[in-house]
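For reference, the chains in residue letters:
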Amino acid sequence: MKASRTTAKVTGQLLTLVPTLPSPSSQDPLSFLWNGGYIKAQSTIPGTTESIEHIVIVSVPSFLVEPINPKPTFIQPCEDINSDDFSEIQGGQSTWQVSHGTLQVACELLWMKAVKAKVPLKSIACITPSDAKAFPYQLSDDTFFLTLSCV
């Protein structure tokens, strides 16, 4: 039995994810860690030339939400983690971690769902973050993490 597609939307913030650095001594796959922050963008104040920074909030149709089940982890200074990237974590060193492969599969699945539902491309928000390295998510060598094989 399948649930019918609804008009329900999910609203939330985009997490700032920091890639682990590649390490020749580590057998762990590349992963991303939440640094406790959210993607921010600049908005011009109407009637002025000034702008303010705000956390980006997005709303998407509920059928375009895919749980990824991140695992809780502790930030420990080591060769694949720059602890300076985690200044926004308050009250401790625990955060969420998701593997590159899991994030890749979730994105491919979401793209297939969007294509199947014929979601118009212009309805997908274009986000210009305050920090160009924060989003779209990038690997430690500044290449984008995502390569869609279904495009």
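Every value quoted in this text rests on a predicted model; they were computed, and no experiment measured them. For every chain, the first residue of the written sequence is number 1, and numbering continues from 1 along that sequence. With the structure being a predicted model, the display of local features is reserved for residues of pLDDT at least 70 and the display and counting of side-chain atom pairs for 80 or more, all residues being used for whole-chain, interface and lining totals. To get the side-chain values, take all heavy atoms of the structure and skip hydrogens and water.

Before going further, it helps to spend a moment on the pairing of strand β2 (residues 15-19). Most of β2 sits out of view: four of its five residues are buried. Two strands are counted as paired when DSSP detects at least two bridges linking them. Secondary structure elements follow DSSP: runs of H or I no shorter than four residues count as helices, runs of E no shorter than two count as strands, and numbering proceeds from the N terminus. Where β2 and strand β3 (residues 31-38) come together, four bridges link them in antiparallel fashion. Bridging across to β3, Leu15 finds its partner in Tyr38. The buried label applies to any residue whose accessible area, calculated with a 1.4 Å probe on protein chains only, is under 20% of its type's maximum; exposed applies above 50%, and partly exposed to all values in between.

Basic side-chain nitrogens of Lys or Arg form a salt bridge, by our definition, when they fall within 4 Å of a carboxyl oxygen of Asp or Glu. One pass over the structure, following the stated rule, counts one salt bridge. Of the charged contacts in the structure, one is a salt bridge between Glu66 and Lys113, with a shortest N-O distance of 2.8 Å. Pair noted here: Glu66 is in the loop between β6 (57-61) and β7 (71-74) and Lys113 is in helix α1 (residues 100-116), with a separation of 47 residues, a long-range link. Of the residues examined, Glu66 reaches a relative accessible area of 27% and is grouped as partly exposed.

Turning our eyes to something else, we now look at the packing of aromatic side chains. The pairing test for Phe, Tyr and Trp rings, Trp by its six-membered ring, is centres within 6.5 Å, and the orientation test on the planes gives stacked under 30 degrees, edge-to-face over 60, and tilted for anything in between. Scanning all chains against the criterion turns up two aromatic pairs. Ring geometry for Trp34 and Trp96: centres 5.1 Å apart, planes at 25 degrees, overall stacked. Remark: Trp96 occurs in strand β8 (residues 94-99) and Trp34 occurs in strand β3; sequence separation between them is 62 residues. By the ring-pair criterion, three or more aromatic residues cluster together here, those being Trp34, Tyr38 and Trp96.

Further remarks concern α1. In this scheme, a helix's expected span is set at 1.5 Å multiplied by one less than its residue total. The terminal C-alpha atoms of α1, which comprises 17 residues, lie 24 Å apart, in line with the 24 Å expected from a rise of 1.5 Å per residue. Looking only at α1, the buried set comprises Leu103, Gln104, Ala106, Glu108 and Ala114. Here, residues are in contact when the closest pair of their heavy atoms is within 4.5 Å. Tucked into the core, α1 has its buried residues touching β2, β3 and β8. Once α1 finishes, Lys118 follows within two positions and takes phi at roughly 55 degrees, a positive value.

This paragraph deals with the nonpolar core. The tendency in soluble globular proteins is for nonpolar side chains to be buried side by side. By size, the foremost hydrophobic cluster in this structure holds 14 residues, and its most contacted members are Leu14, Ile39, Val56 and Ile127. The contacts of Leu14, once residues within four sequence positions are left out, are Gly37, Tyr38, Ile39, Val56, Val58, Ile127, Phe135 and Tyr137. Definition used in this section: a nonpolar core is a set of buried Ala, Val, Leu, Ile, Met, Phe, Trp, Tyr and Cys residues joined via side-chain atoms within 4.5 Å. Grouped together as the second largest cluster of nonpolar side chains are five residues, Leu64, Ala114, Ala117 and Val119 included.

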